[in-house]
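What the coordinates show
Here is what each chain is made of, one letter per residue.
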Amino acid sequence: MITIEVNNRKIQANSGESVLTVLKREGIRVPTLCHLPDLFPTGACRLCVVEIEGYDGLVPSCAFQVADGMKIHTHTPRAIRARKTIIELLLANHPDDCLYCVRNGDCDLQDLAEELGVRERRYTGAKNDYKVDTSSPSIVRDQAKCILCGKCVRVCEEIQGVSAIDFIGRGSGMYVGPAFNEGMNISSCINCGQCIVVCPTGALRERSSIKEVLDAIDNREKFVVVQHAPSVSVTLGEEFGIKPGNDVLGIMTAAMRRIGFARVFDTSFSADLTIMEEASELVERLNNGGKMPLMTSCSPGWIKFVETFYPEFIDNISSCKSPQQMMGALIKSYYAEREGIDPKNIYSVAIMPCTAKKFEADRPELIHNGIADIDAVLTTRELARIIKLRGLDIRNMEPEGNDSPFGERSSAGKLFGVTGGVMEAAVRTAHYMITGKEMEEYTIKDLRGLDGIKETKVIINGMELGLAAVSGLGNARKLLDQIRNGRNDIHFIEVMACPGGCIAGGGQPLAINKAAIKARMKSLYDIDQSAPVRTSHSNKYIKRLYDEFLGKPLGKKSHHLLHTKYQKRDVLK
Amino acid sequence: MSDAVKRILENYPNAHRDSLIPILQEVQEEQGYLSRDVIVTIGEYLNLPASKIYGVATFYNQFRFKPIGTYHIQVCRGTACHVKGSARVLDAIKRELKIEPNETTRDGMFSLEVVACIGACGLAPVISINGEFFAGVEPEKIKGILNTFRKKGTEHGKS
Ligand code: SF4
Ligand code: SF4
Ligand code: SF4
Ligand code: FES
Ligand code: FES
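Residues numbered from 1 in each chain as written. Chains lettered and ligands numbered in written order. Predicted model: local features only at pLDDT ≥ 70, side-chain atom pairs only at ≥ 80, totals over all residues. Heavy atoms only, no water.

With respect to the overall build of chain A
Scanning chain A for helices and strands turns up 18 helices and 19 strands. On C-alpha atoms alone, chain A measures out to a radius of gyration of 25 Å, which is about the 25 Å that the 2.2 N^0.38 rule sets for 573 residues. For chain A, with 573 residues in total, the buried portion stands at 59%. Look at the contacts in chain A between residues 6 or more apart in sequence, and 74% of them connect residues 24 or more apart. (Helix = DSSP H or I, 4+ residues; strand = E, 2+ residues; numbered from the N terminus. Rg over C-alpha atoms; globule rule 2.2 N^0.38 Å. Buried < 20%, exposed > 50% of the residue type's maximum accessible area, 1.4 Å probe, protein only. Contact = heavy atoms within 4.5 Å.)

Have a look at this one:
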């Protein structure tokens with residue numbers, strides 16, 4: 001412990017900490033634009049500058065370590081003036097677009113301009129005439145709004161291990177984009193949307209499907225159904241000022257009905273179904289010597305990552321469609337049949353924490369005879385926009401339940417929303433399938449929490465199984481490289497593309513702060529802890545679905561409706 | 001991958017990031033520009049993403065990413081030419097062709113490069129098109145000069 005002085009007040013700090021870290025802990029807000037909590041500081045934006053006695057110039061607090069006796073002043077006229085000038089310069093060639101911008105009201109640049117009292121355009125820079133890149137089904141790139149903070153580049157490279165984008169050119173012509181400034185759709189981008197989550201402005205955003213969905217709802221011919229992913233109910237509330245981690249399932253369902261969705265289904269139900277198929281696949285591969293380790297298939301960014309960078313592992317990936325696609329396939333077959341609706345007239349919407357799900361829904365393997373499993377994917381943020389657009393006051397709504405027959409889930413399905421959750425759910429069911437008995441303790445502690453790579457061993461019927469749950473594709477790279485180099489003590493790997501899993505997905509409310517993500521995680525764990533049904537195989541609606549329609553896991557009908565295949569991708573990488 | 005590029009890479013065993021610029025220079029020397037394929041190849045060789053290589057290459061003015069045009073225009077920006085107004089000449093060319101230095105027109109007819117003194121200071125400002133010098137060029141004359149070549153190129157293309 002060392003003692004420093006901030007704004008003439010004595011404060012304890014740990015040596016080695018950055019000035020910014022200490023200030024944050026003490027509740028002193030110094031603005032930042034380029035800072036990413038877990039990555040090495042670049043000092044690019046200089047917005048976080050403070051004065052430190054004994055130093056001539058202003059010092060970027062994110063990149064400067066505290067030292068014993070240091071005297072820091074955070075809001076001197078000089079520091080404030082410097083910050084204001086930086087914002088004014090950033091605005092010099094920024095489009096005056098706030099009224100039409102997706103980030104209006106949720107933009108760091110806008111907030112800072114307001115906070116620092118920018119009231120006139122003091123500098124005018126030549127505007128660049130960039131074209132908006134809408135080539136990707138997931139990510140829209142609008143370079144005119146980019147302030148070159150570099151966060152997207154670093155997340156894509158350092159967290160996701162993808163490097164689809166980089167700084168291109170130099171000086172006033174510099175911009176961020178993929179190689180050869182081609183469309184994102186032909187780059188190595190795996191559509192995760194983590195770049196959107198860190199972007200302080202509207203330069204990166206999801207490709208919106210709001211209009212298509214509202215048009216479908218207005219179309220009398222269409223029977224519009226919606227499903228919502230496990231994590232959405234514990235994050236949506238944040239868009240309405242509700243504390244992170246609050247489960248808003250009931251009022252969200254009510255709001256969806258008011259929007260005009262004819263049926264509301266729970267993707268956690270089809271997650272249970274995924275577990276039935278995937279656990280069977282695990283058992284089958286263990287018994288018959290199939291390709292090992294088995295890798296999960298619910299995260300489409302991860303799938304595309306393997307197809308692009310590690311095609312030799314394609315056969316390791318479970319052939320199970322993701323819960324979104326399983327639900328989609330069931331709605332247009334089993335459900336359509338049961339209700340006597342022509343599948344062509346069903347418009348199937350999925351609310352997802354994820355931008356890669358938009359890409360997944362477009363995959364040609366998942367469209368049969370022109371009928372897609374899923375017609376449109378909306379992110380949690382887009383759902384919030386529609387709720388606001390429709391003037392729905394969700395805080396004052398009566399909770400409602402999901403529709404049958406895809407409305408009742410076990411809490412195992414709900415756990416799909418957090419890193420490690422799919423694995424826990426799968427182990428519960430695999431244990432039952434192998435031994436005929438339930439596990440004594442369902443929770444596997446080693447697989448919980450936000451660590452990027454979590455490993456453990458479980459023993460089922462005397463057989464030791466190596467398990468690994470990974471989130472963040474940079475971490476997946478590490479593990480895949482180990483396996484490539486001969487590591488063979490792991491049997492089952494869960495990968496979620498986004499660090500922390502779906503609760504921190506690229507389509508979630510834009511809080512990258514750890515506290516919010518932890519609260520979202522805890523909420524899912526609490527739901528599991530107190531649930532009456534905690535395993536997919538004891539979900540009686542799943543049993544009924546097999547009895548009435550599917551037959552058995554990995555059976556003919558399952559194979560046809562619930563499984564898929566993958567392909568190597570040759571893109572610019 | 002062309003043999004030439006392969007040969008260049010073979011001269012850099014155990015190469016890593018630091019070798020990127022020299023490799024790019026040699027390849028451009030050999031092929032006249034950096035093609036998409038070449039960047040991918042170099043990326044695989046150095047274990048660097050294509051976006052990174054493109055980013056680095058575009059940081060320096062010397063690299064081009066399209067083959068040079070039928071007519072390659074070099075604009076001298078040496079001191080003598082500068083004094084005599086080469087900047088305005090360059091502007092006129094850029095405006096006429098709608099390309100920046102190190103780019104090639106869409107039809108592949110013209111490419112543009114800015115060079116240091118080409119040793120003809122007495123004729124300043126000078127441009128050279130496929131090695132043919134034009135002395136004392138004025139911005140107003142650019143259109144005419146380029147049109148002559150355009151015509152030649154089109155007729156050539158037809159025959
Ligand atoms: S990015 Fe922010 S500052 Fe720029 S137009 Fe959008 S809301 Fe306004
Ligand atoms: S979506 Fe993901 S992979 Fe694509 S550019 Fe953004 S961070 Fe990189
Ligand atoms: S696109 Fe956004 S995150 Fe990326 S550099 Fe620009 S402003 Fe920063
Ligand atoms: S946040 Fe410190 S320099 Fe950008
Ligand atoms: S300065 Fe142009 S030829 Fe020498």
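Focus on the packing of aromatic side chains
All names here are of chain A. For the coordinates displayed, the defined rule picks out 18 aromatic pairs over all chains. Each ring, one from Tyr310 and one from Phe313, has its centre 6.2 Å from the other, and the planes form 40°; the classification is tilted. Neither residue differs from the other here; Tyr310 and Phe313 are each classed as buried. A network of ring pairs unites the aromatic residues Phe265, Phe269, Tyr334, Tyr335, Phe406 and Phe549 as a single cluster. Its guanidinium or amino end placed over the ring of Phe359, Lys304 lies 4.5 Å from that ring's centre, counting from NZ or CZ. Its end group placed over the ring of Phe309, Arg477 keeps NZ or CZ at 4.8 Å from the ring centre. (Phe/Tyr/Trp six-rings, centres within 6.5 Å; stacked < 30°, edge-to-face > 60°. Lys NZ or Arg CZ within 6 Å of the ring centre and 35° of its normal.)

Re the sheet that holds strand E1 (residues 71-76) of chain B
All names here are of chain B. If you trace the four strands from one edge of the open sheet to the other, you get E2-E1-E3-E4, paired in mixed fashion. Of all the strands in the sheet, the pair left with one neighbour each is strand E2 (110-115) and strand E4 (132-134). The average angle at which neighbouring strand axes cross in this sheet is 25°, direction not considered. In this structure, E1 lies alongside E2, joined through six bridges in parallel fashion. (Pairing = 2+ DSSP bridges. Axes fitted to C-alpha atoms, helices over the stretch in contact; angles between N-to-C directions.)

Here we look at the interface of chain B and chain A
If you look at the interface, chain B gives 16 residues, while chain A gives 18 residues. Summed over both sides, the interface between chain B and chain A buries roughly 1,400 Å², with carbon and sulfur atoms accounting for 58% of that surface. Counting the surface chain B buries against chain A, the share from its top three residues, Arg36, Ser51 and Tyr54 of chain B, is 41%. Inspection of the region where chain B meets chain A yields three salt bridges. Two residues, Glu157 of chain A and Lys52 of chain B, come together in a salt bridge whose shortest N-O distance is 2.5 Å. The tally of links from chain B across to chain A stands at seven residue pairs in polar contact (both at pLDDT 80 or more). Looking at the side of chain B that touches chain A, the elements that each hand over two or more residues are helix H3 (36-46) and helix H4 (50-59) of chain B. (Buried area = accessible area lost by both parts, 1.4 Å probe. Salt bridge = Lys/Arg side-chain N within 4 Å of Asp/Glu carboxyl O. Polar contact = N/O pair within 3.5 Å; in protein donor to acceptor, adjacent residues only side chain to side chain.)

A look at the domain arrangement of chain B
Per the domain assignment, the segments making up chain B are domain 1 (3-59) and domain 2 (71-155). Domain 1 of chain B and domain 2 of chain B are separated by 29 Å when their C-alpha centres are compared. (Domains from an automatic or database assignment.)

A short note on the side chain of Thr274 of chain A
Among the structural elements, Thr274 of chain A can be located in helix H8 (residues 267-288). Once residues within four sequence positions are removed from consideration, Thr274 of chain A is found in contact with Cys320, Lys321, Ser322, Pro323, Met326 and Phe416 of chain A.

Topic: the site of ligand 1
Neighbouring ligand 1 are His94, Asp97, Cys98, Cys101, Arg103, Asn104, Cys107, Leu109, Gln110, Lys145, Thr201 and Gly202 of chain A. Class assignment of the residues belonging to the shell around ligand 1 gives a composition of four nonpolar, five polar and three charged. (Near = heavy atom within 4 Å. Nonpolar A, V, L, I, M, F, W, Y, C, P; charged D, E, K, R; others polar.)

Some details on the nonpolar core
Residue and element names in this part refer to chain A. One finds Leu236, Phe261, Val349 and Ile387 to be the most contacted residues of the largest nonpolar core, which totals 41 residues. If you list the elements that add at least two residues to this core, you get helix H6 (210-218), strand E10 (223-228), helix H7 (249-259), strand E13 (346-352), helix H11 (356-361), strand E16 (376-379) and helix H12 (380-389). Beyond its immediate sequence surroundings of up to four residues, Phe261 is in contact with Val213, Ile217, Val224, Val225, Val226, Met256 and Val349. In this structure, Ala164, Met184, Leu204 and Ile317 belong to the second largest nonpolar core, which totals 40 residues. (Core = buried A, V, L, I, M, F, W, Y, C linked by side-chain atoms within 4.5 Å.)

Considering the sheet that holds E13 of chain A
Residue and element names in this part refer to chain A. Ordered by their spatial adjacency, four strands build an open sheet running E11-E10-E13-E16, and the pairing between neighbours is parallel. Edge strands, defined here as strands with exactly one partner in the open sheet, are strand E11 (263-266) and E16. The average angle at which neighbouring strand axes cross in this sheet is 25°, direction not considered. By the bridge criterion, four bridges tie E10 to E11 in an arrangement that is parallel. The residue of E11 that forms the bridge with Val225 is Arg263. Where H6 meets the sheet, it contacts E10, E13 and E16, and its direction lies at approximately 140° from that of E13.

Some thoughts on the pairing of E13 of chain A
Residue and element names in this part refer to chain A. Burial runs high along E13: seven of the seven residues are buried. Side chains Ile346, Ser348, Ala350 and Met352 of E13 all project onto a buried face; the interleaved residues Tyr347, Val349 and Ile351 project onto the opposite face, where all are buried too. Summarising the sheet, E10 and E13 pair through six bridges and their orientation is parallel. Directly across from Val224, in E13, lies its bridge partner Tyr347. When E13 meets E16, the two strands line up parallel, connected through four bridges. If you follow Val349 over to E16, its bridge partner there is Ala376.

Quick word on the domain arrangement of chain A
Often the size quoted for an interface is simply the accessible area lost on bringing the parts together. Residue and element names in this part refer to chain A. Split into domains, chain A comes out as domain 1 (2-75), domain 2 (120-206) and domain 3 (211-562). With nine residues of domain 1 in contact, the opposing surface of domain 2 contributes nine residues. With both sides pooled, the region where domain 1 packs onto domain 2 buries about 730 Å², and carbon together with sulfur makes up 65% of that total. When residues of domain 1 are sorted by the area they lose upon contact with domain 2, Leu33, Leu36 and Leu39 head the list and together hold 66% of the total. Joining domain 1 to domain 2, the criterion identifies zero salt bridges. Among the residues forming the side of domain 1 that touches domain 2, the class breakdown is seven nonpolar, two polar and no charged.

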